[in-house]
Amino acid sequence: MTADIETIESGSQVRVEVVKKPTNAAAVKTLKRVLLKSPEHAEDQKVQKRGRVHGEVPLRRGGRIYAQHPRKTHVVKGELGESGTIRVTGDVRNDLNSVKRFITVTPA
């Protein structure tokens, strides 16, 4: 059962799944931002952040110390089949409305 985004109450949990490939870069970025609010993806981000801090390599150049920062690994890519459970707030509702043609939203 797909829920209408406007009728979902704020503060409720919903399951968001990407069912169609996004056609533009803005939609992909929005999907990434929404799906990263899911607890399972947020935990992955925290673990990776802790690893990146320890992976910094100090380097001396011109008498100054520079730290080479490892690049972020993207856990969520905004691709077909990705899903997550998120809490609905005003900003999340606006994001879901902007990409509603690419997702299904079901109550969690």
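In this text the structure is predicted, and so the values were computed from the model without any measurement.

J.: Can you walk me through the overall build of the chain in this structure?
T.: In terms of helices and strands, the chain carries three helices and five strands. Listed by position from the N terminus, the elements making up the chain come as β-α-α-β-β-β-α-β. In terms of overall dimensions, the chain is more spread out than a globule: its C-alpha atoms have a radius of gyration of 18 Å, far above the 13 Å expected for 108 residues. Structurally, the chain occupies a C-alpha span of about 60 × 30 × 20 Å along its principal axes. Relative to its 108 residues, the chain shows a buried fraction of 28%. Considering only residue pairs separated by 6 or more positions, the chain has 78% of its internal contacts joining residues 24 or more positions apart. Carbon together with sulfur atoms contributes 52% to the accessible area of the chain, which is approximately 7300 Å² in total. Charge centroids of the chain, computed over 21 positive and 12 negative side chains, lie 11 Å from each other.

J.: Looking at this structure, how should I read the sheet that holds strand 4 (residues 83–87)?
T.: Paired through their backbone hydrogen bonds, the strands of a sheet run either parallel or antiparallel. Overall, antiparallel pairing links the three strands, which are arranged 4-1-5 in an open sheet. If you trace the sheet from one side to the other, it starts and ends with strand 4 and strand 5 (103–107), each paired once. Adjacent strand axes in the sheet meet at a mean angle of 25° when their direction is disregarded. Note: strand 1 (residues 13–18) against strand 5, five bridges, orientation antiparallel.

J.: When you look at the pattern of salt bridges in this model, what are you seeing that I'm missing?
T.: Under the definition given, this model contains three salt bridges. Ionic pairing is found between R15 and E40, a salt bridge with its closest N-O pair at 3.9 Å. Taken together, the positions of R15 in strand 1 and E40 in helix 2 (residues 39–54) put the pair 25 residues apart, joining distant regions of the chain. Since its relative accessible area comes to 37%, E40 is described here as partly exposed. For D91, the salt bridge is made with K37, and the minimal N-O distance between the two is 3.2 Å. Of this pair, D91 sits in helix 3 (residues 90–98) while K37 sits in the loop between helix 1 (25–35) and helix 2; the two residues are 54 residues apart in sequence, bridging distant segments of the chain. Judged by relative accessible area, D91 falls into the partly exposed class, the value being 42%.

J.: Looking at this structure, how should I read the environment of I8?
T.: You can see I8 is positioned in the segment before strand 1. Each C-alpha atom of the pair I8 and K100 lies 14 Å from the other, and the pair is 92 residues apart in sequence.

Cut-offs applied
- Residues numbered from 1 in each chain as written.
- Predicted model: local features only at pLDDT ≥ 70, side-chain atom pairs only at ≥ 80, totals over all residues.
- Heavy atoms only, no water.
- Helix = DSSP H or I, 4+ residues; strand = E, 2+ residues; numbered from the N terminus.
- Rg over C-alpha atoms; globule rule 2.2 N^0.38 Å.
- Buried < 20%, exposed > 50% of the residue type's maximum accessible area, 1.4 Å probe, protein only.
- Contact = heavy atoms within 4.5 Å.
- Areas by Shrake-Rupley, 256 points an atom, 1.4 Å probe, with all protein chains shown as cover.
- Lys, Arg positive; Asp, Glu negative; His and termini not counted.
- Charge placed at Lys NZ, Arg CZ, Asp CG, Glu CD.
- Pairing = 2+ DSSP bridges.
- Axes fitted to C-alpha atoms, helices over the stretch in contact; angles between N-to-C directions.
- Salt bridge = Lys/Arg side-chain N within 4 Å of Asp/Glu carboxyl O.

Just distances and angles here, no functional claims.
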